[in-house]
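Residue-level structure breakdown
Listed below are the residues making up each chain.
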Amino acid sequence: MSVPLTFDGKVVLVTGAGGGLGREYALAFGQRGASVVVNDLGGNAKGEGKNSAAADKVVEEIKAKGGKAVANYDSVEDGDKLIQSALDAFGRIDIVINNAGILRDRSFGRLSELDWDLIHRVHLRGSFNVTRAAWNHMKKQKFGRIIMTCSAAGIYGNFGQANYSAAKLGLLGLSNTLAIEGRALNIHCNTIAPIANSRLTQNIMPADLLETLKPEYVSPLVLWLCHEQCEENGALFEVGAGWIGKLRWERSLGHVLLQKDHQMSPEAVRDQWGNICDFKDSTHPNTINESLSMLSMLNKEKAEDGLVANPTASLGHNPALAVGYNFPDHTFSYTEMQCILYALGVGMSTKDPDHLRFLYEGHENFACLPTFGVIISQAAVMDSGLTNIPGLDINPTQVLHGEHYLKCFQPLPTSGTLISKASVLDILDKGSGAVIIINVRTYQGQRLVCSNQWSVFVVGAGGFGGKKSSPHTENTASPPNRAPDAVVVESTTKEQAALYRLSGDRNPLHIDPNFSAMGGFKDPILHGLCSFGFASRHILKQYGNNDPARFCAIKVRFVKPVLPGQALQTEMWKEGNRVHFQCKVKETGNLTLSGGYVDLYEDQTSNLKSLQPAADLQSNLVFAEIGRRIQDSGPALVEKVKGLFAWEITQDGKTAAQWTIDLKNGAGALHEGPYSGKADVTITVSDADFMALVQGKVNPQQAFMAGKLKIKGNIMLGQKLDIILKDFAKM
C-alpha cells in the first residue's frame, strides 16, 4: 500500500475557496494536515457584491474535521493582505492556489473596456499580486508551490470569451516564467486547465455532464503538484471527470527559405505553405533556447530549387570561410584622460590613496590600468563589425559576451597611438549556439603590447556540424577546493554603468530602461567588462602591490548580470603566481564571474636588486645585463626563443651561482637562484667558459662537443644560445 501524502506543517492559501473547486481544494488540504487560509470575497459569478458567509462556512467544515483554517474576505487585487493573513495566523506561507475568478461573457463586438478590465484584474492581476506577495517568503525558506488556473478557453479560444481567454492564457505565460525563475529556489509553479462543475460553468454545460465533472475529480492533481515530493515544474495539465492529461507545444518542421541573391517574398511563402504547415516530423520545443535553435529543422531541411537556409536561423551559409579572417587593422589613439576615465568607470576613487596613481596624470608613478587593454581591443572588433565577417550572417540581438582573456606583455602606455590586428581563430558548435573565437593583438610600433581573446556566443546559431572545442582557446580554471585566501567587497554606484559606457561600450542595454526591459531586465545592467575591471583591480592590489608591471594575464567567464548599486564580492585563491578568483553579487550571492584567474609576473624590482655582480664571478655582470634587456625587449625575445633555460655556473668545480632565463612565458623574466619547476633546457658551465661563450671566443656547439658546456633537456634549444648571449648580452 502506498504511503499517504500529507501536508503537516505546511500553510496553504486558496483563493476563491468559498465554493466549487476552491472549496474542494481547501477541504482536501485541511484533511491532510495543512493549515488553510480560505479566501473568498463572497461576490457573484460576475464579481458583484461581497459576503463573508461562503469563506466562513468552509472554515467551519475544515475545523469540524479537526483541521486548522482561517477565513480571508479580501479581493485578490490586494494580494499582500491575503498573504499577511497567512503570516498572522500561521507564521508562514508554503502553497498558493490561484483559483479565484469571475465571468463577463460577451461577443467581441459587444465587449466593453470594463468587461475586459474586470476579468484581467481578477484573473491575471489578482494572481500576480497574490503570488508576488508570497514570493520572497518562499524564496527565504527555499520552498514554495504555486498553482495557476488556466482554462480550455485560454488554450483553444471560445466564442464570447475574448476577455476571459486572454487572461487565462496570460496566466500560463506567467506560470512558465515563474517556473524558470523559481527552479533554483525550490519554488515550483504549474498550471491546470480544469473542467469541473463550478459557479462559472453551471450555466454553460448541460446538467447531466456537470454531474460527471465533480470538483473532487480535480483536487488530487492539485495536491500532488503541491507536495514536496513532486518535482514537476512549468507544466500545463487538463483535468476533469477522473482524467488528467499533460499538454505540450508542437511545431511543424516548417520550411526555411531564402532565394539566392533575393529577399524572401510573399509568393515564396505561398508556394511553400504546404511544407510550412506540414506536421510530419514535428518538434516539441520546451524552452526559448530550443525554440531559437531550430536544430532539427536545420539538419533536415535540404536546399531545393535554388533555396538556401535562412541565415537568421543559423550562423550563416559557410562558417568555415570565417576562420582565419583578418579584420582591417585598427588605429586607437588616446590620452591620459581616457585612462583616467576608464579607471573611474571600474570603480576607482580619490577616497583611496592607492588609486591616485591611476587617476592623476601628475602623479610620479602615473599608470594605466592593465585592463584598459579590453577597451582598445573592443574598438578593433566592434568598429569593424561582427556582421562583416565573411561566411557568417549574425543577428546582433543574439550576441552575448561569453568569456574573455587578456594578456599584457608590457605595461600599457598612458597615451599614444596603438595598432590592433584582429582575426577569427575558430568557430565552435555548442548546439544551442555558436562560439566565435576572436584574437586581437595590439602593437606600439613593432612591440607587442597586449593581446585579447574574445569568446562571442551567438544564441540559436549552433547545429551546423562544427567542432565542439578548439586548441586555440584560453580555458577557464576552477578555484581550489578550500575557503578563499582573500575576499574583497566593494559597492558599485548607481551611475557605474553610465560612467563605464563613456570608455566606449555604448550599448543602450546599460543606460536605457526601455531597452533593458526589452532584454528582460527590470533595470539597466552593468557591463560585464566593468565587473571584470573591478575584480582585476582587487587582485592587483591584494597580490601585486598595485603595480601594473606585475599584471600578466586574466581569464574569466561571464555568468549573471549585476545591477548598478550592488556590491561585488571578489573571492581569491593564490597558487604560486596564479590567483584564481570568482566574483559574486553580495546582495544575492549570485555568481557574476566564474572560472577566473590572474597570472602575475615576478616582482622585477626585487629581482634587479638581487642582480648585484659578485667580485669573483664575471658572469653575474652578464646576467644583470640580460635582465635589463629582458625588461626592454622581453616580448621580442619570447617570440624568437620560446624556451626556459636553467643555468648552473660553476667555479673551481663547484656550483657558484644559479639563474633562470624565462623566454617562454609572458614578456620574459630573469630569476636568480635554483628553478623549482621543470626547465626546457638545463645548462651547466664554468664562469670562465661562460665568458668565453659571451665574448665569442668559442661557439656553443664547440663548447658542447668539448665537454665544457653540459646541456640536459631539449638540446635543439641550445642552438638559440647565440640569441641570448650575443644579441642581447653584449658587454
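This paragraph deals with the overall build of the protein chain. From N to C terminus, the protein chain includes 24 helices and 23 strands. Within the protein chain, contacts between residues at least 6 apart in sequence are counted, and of these 71% link residues at least 24 apart. Approximately 34,800 Å² of the protein chain is accessible, and the part contributed by carbon and sulfur atoms is 51%.

Here we take up helix 22 (residues 687-694). Residues lying three or four places apart along an α-helix face the same way, a consequence of the helix completing one turn every 3.6 residues. Counting buried residues in helix 22 gives 6 out of 8 residues, a clear majority hidden from the surface. Of all the residues in helix 22, the buried ones are Asp687, Phe690, Met691, Ala692, Leu693 and Val694. Looking at the residues trailing helix 22, positive phi occurs at Gly696, about 80°.

It is worth spelling out the sheet that holds strand 1 (residues 11-14) at this point. The strand order across the open sheet formed by 8 strands is 3-2-1-4-5-6-7-8, and the pairing between neighbours is mixed. Each edge of the open sheet carries a strand with a single partner, namely strand 3 (68-72) and strand 8 (243-247). Pairs of neighbouring strands in the sheet enclose a mean axial angle of 20°, with direction left out of account. Examined bridge by bridge, strand 6 (residues 187-194) and strand 7 (residues 236-240) share 4 bridges and lie parallel to one another. By the bridge assignment, Ile192 is partnered in strand 7 with Phe237. Where helix 6 (residues 162-182) meets the sheet, it contacts strand 5 (144-149), strand 6 and strand 7, and its direction lies at approximately 160° from that of strand 6.

Mean pLDDT over the protein chain: 86, with 88% of residues reaching 70 or higher. Predicted confidence is poor over residues 293-314, with pLDDT under 50, and the contacts of this stretch with residues over four places away or in other chains come to 46 contacts.

The topology assignment puts Asn546 in the loop between helix 19 (528-544) and strand 15 (551-558). Of the residues examined, Asn546 reaches a relative accessible area of 8% and is grouped as buried. Setting aside anything within four residues of it in sequence, one finds Asn546 in contact with Asp354, Arg357, Phe358, Leu540 and Lys541.

Tallied over the entire structure, the rule returns 11 aromatic pairs. Pairing Phe623 with Trp647 gives two aromatic rings, centres 5.9 Å apart and planes at 75°, and the pair type is edge-to-face. Placement of the pair is Phe623 in helix 21 (residues 619-641) and Trp647 in strand 19 (residues 643-651), with a sequence separation of 24 residues. Three or more aromatic residues joined by ring pairs form one cluster here, namely Phe332, Tyr334, Tyr342, Phe372 and Tyr500. Lying over the aromatic face of Tyr597, Arg578 brings its terminal NZ or CZ to 3.7 Å of the ring centre.

Moving on, we get to the pattern of salt bridges. Taken as a whole and assessed by the stated rule, the structure comprises 21 salt bridges. Among the salt bridges present, the one from Glu77 reaches Arg121, with a minimum N-O distance of 3.1 Å. With Glu77 in the loop between strand 3 and helix 3 (79-90) and Arg121 in helix 4 (residues 113-141), this residue pair connects regions lying 44 residues apart in the sequence. Of the residues examined, Glu77 reaches a relative accessible area of 25% and is grouped as partly exposed. Among the residues examined, Arg121 registers a relative accessible area of 35% and is labelled partly exposed. With a closest N to O distance of 2.8 Å, Asp352 and Lys541 form a salt bridge. Placement of Asp352 in the loop between helix 14 (336-345) and helix 15 (356-359) and of Lys541 in helix 19 is noted, with a sequence separation of 189 residues between them. Judged by its relative accessible area of 19%, Asp352 is buried. With relative accessibility at 37%, the residue Lys541 sits in the partly exposed group.

Below, the discussion takes up helix 3. Taking 1.5 Å of rise per residue, 12 residues should cover 16 Å, and helix 3 covers 17 Å from first to last C-alpha, within 8% of that figure. Taken residue by residue, helix 3 has Gly79, Leu82, Ile83, Ser85, Ala86 and Leu87 as its buried positions. The inward-facing, buried residues of helix 3 abut strand 1, strand 2 (35-39), strand 3, strand 4 (95-98) and helix 4. Once helix 3 finishes, Gly91 follows within two positions and takes phi at roughly 85°, a positive value.

To continue, consider the packing of helix 21 against helix 22. In the contact formed by helix 21 and helix 22, the axes pass within 9 Å of each other and the chain directions differ by 50°. Between helix 21 and helix 22, the crossing angle belongs to the class labelled oblique. Residues Ser619, Val622 and Phe623 of helix 21 touch helix 22, and the partners they reach there are Asp687, Phe690, Met691 and Val694. Of the residues contributing to the contact of helix 21 with helix 22, the split by class is 5 nonpolar, 1 polar and 1 charged.

Right, let's talk about a nonpolar patch on the surface for a bit. Residues Phe704, Met705 and Ile715 make up a contiguous nonpolar surface patch of about 320 Å² in total accessible area. As for its placement among the helices and strands, Phe704 is situated in helix 23 (residues 700-705). Residue classification places Phe704 among the partly exposed residues on the basis of a relative accessible area of 33%.

This part covers the environment of Lys139. By the secondary structure assignment, Lys139 is in helix 4. Sequence separation of Lys139 and Leu185 is 46 residues, and the distance between their C-alpha atoms is 6.0 Å. For Lys139, the contacting residues outside a window of four places in its chain are Leu185 and Ile187.

Glancing now at the side chain of Asp662. Checked against the element boundaries, Asp662 lands in strand 20 (residues 654-663). No salt bridge forms around the buried Asp662; measuring N to O, its nearest opposite-charge neighbour Lys664 is 7.7 Å away. Reaching out from Asp662, the side chain makes a polar contact with the backbone nitrogen of Lys664 at a distance of 3.0 Å. Residue contacts for Asp662: discarding those within four places in its chain leaves Gly643, Leu644, Gly668 and Ala669.

This brings us to the environment of Ile83. Among the structural elements, Ile83 can be located in helix 3. Between the C-alpha atoms of Ile83 and Trp135, which are 52 residues apart in sequence, the distance is 10.0 Å. For Ile83, the contacting residues outside a window of four places in its chain are Leu13, Ile93, Val96, Val130, Ala133, Ala134 and His137.

The next point concerns the nonpolar core. With 70 residues, the main nonpolar core has Phe372, Ile436, Ile438 and Phe581 as its most contacted residues. For this core, the leading source of residues is helix 19, giving 8 residues. Formed by 32 residues, the second largest nonpolar core is a distinct cluster that contains Tyr25, Ile62, Cys226 and Phe237.

Right, let's talk about the packing of helix 4 against helix 6 for a bit. Two elements in contact, helix 4 and helix 6, have axes separated by 8 Å at closest approach and are oriented at 15°. Taken together, the axis directions place helix 4 and helix 6 in an arrangement best described as roughly parallel. For the element pair helix 4 and helix 6, the recorded crossing hand is right-handed. Residues Asp115, Trp116, Ile119, His120, His123, Leu124, Ser127, Phe128, Thr131 and Trp135 of helix 4 lie in contact with helix 6, whose contacting residues are Ala162, Asn163, Tyr164, Ala166, Ala167, Lys168, Gly170, Leu171, Leu174, Leu178, Glu181 and Gly182. Its residues assigned to classes, the contact of helix 4 with helix 6 shows 12 nonpolar, 7 polar and 3 charged.

Phi at Lys142 takes a positive value of approximately 60°, unusual for a residue other than glycine. Following the sequence through the fold, Lys142 ends up in the loop between helix 4 and strand 5. Notably, Asn186 is not glycine yet its phi reads approximately 60°, a positive angle. Along the polypeptide, Asn186 turns up in the loop between helix 6 and strand 6. Of the residues examined, Asn186 reaches a relative accessible area of 28% and is grouped as partly exposed.

Reading the values: the criteria
Residues numbered from 1 in each chain as written. Predicted model: local features only at pLDDT ≥ 70, side-chain atom pairs only at ≥ 80, totals over all residues. Heavy atoms only, no water. Helix = DSSP H or I, 4+ residues; strand = E, 2+ residues; numbered from the N terminus. Contact = heavy atoms within 4.5 Å. Areas by Shrake-Rupley, 256 points an atom, 1.4 Å probe, with all protein chains shown as cover. Buried < 20%, exposed > 50% of the residue type's maximum accessible area, 1.4 Å probe, protein only. Pairing = 2+ DSSP bridges. Axes fitted to C-alpha atoms, helices over the stretch in contact; angles between N-to-C directions. pLDDT = per-residue confidence, 0-100. Phe/Tyr/Trp six-rings, centres within 6.5 Å; stacked < 30°, edge-to-face > 60°. Lys NZ or Arg CZ within 6 Å of the ring centre and 35° of its normal. Salt bridge = Lys/Arg side-chain N within 4 Å of Asp/Glu carboxyl O. Expected span 1.5 Å × (residues − 1). Parallel < 35°, antiparallel > 145°, perpendicular 65-115°, else oblique. Nonpolar A, V, L, I, M, F, W, Y, C, P; charged D, E, K, R; others polar. Patch = residues over 30% accessible without salt bridge, like charges linked within 9 Å, V, L, I, M, F, W, Y side chains within 5 Å. Lys, Arg positive; Asp, Glu negative; His and termini not counted. Polar contact = N/O pair within 3.5 Å; in protein donor to acceptor, adjacent residues only side chain to side chain. Core = buried A, V, L, I, M, F, W, Y, C linked by side-chain atoms within 4.5 Å. Left-handed = near helix turned anticlockwise from the far one by under 90°.

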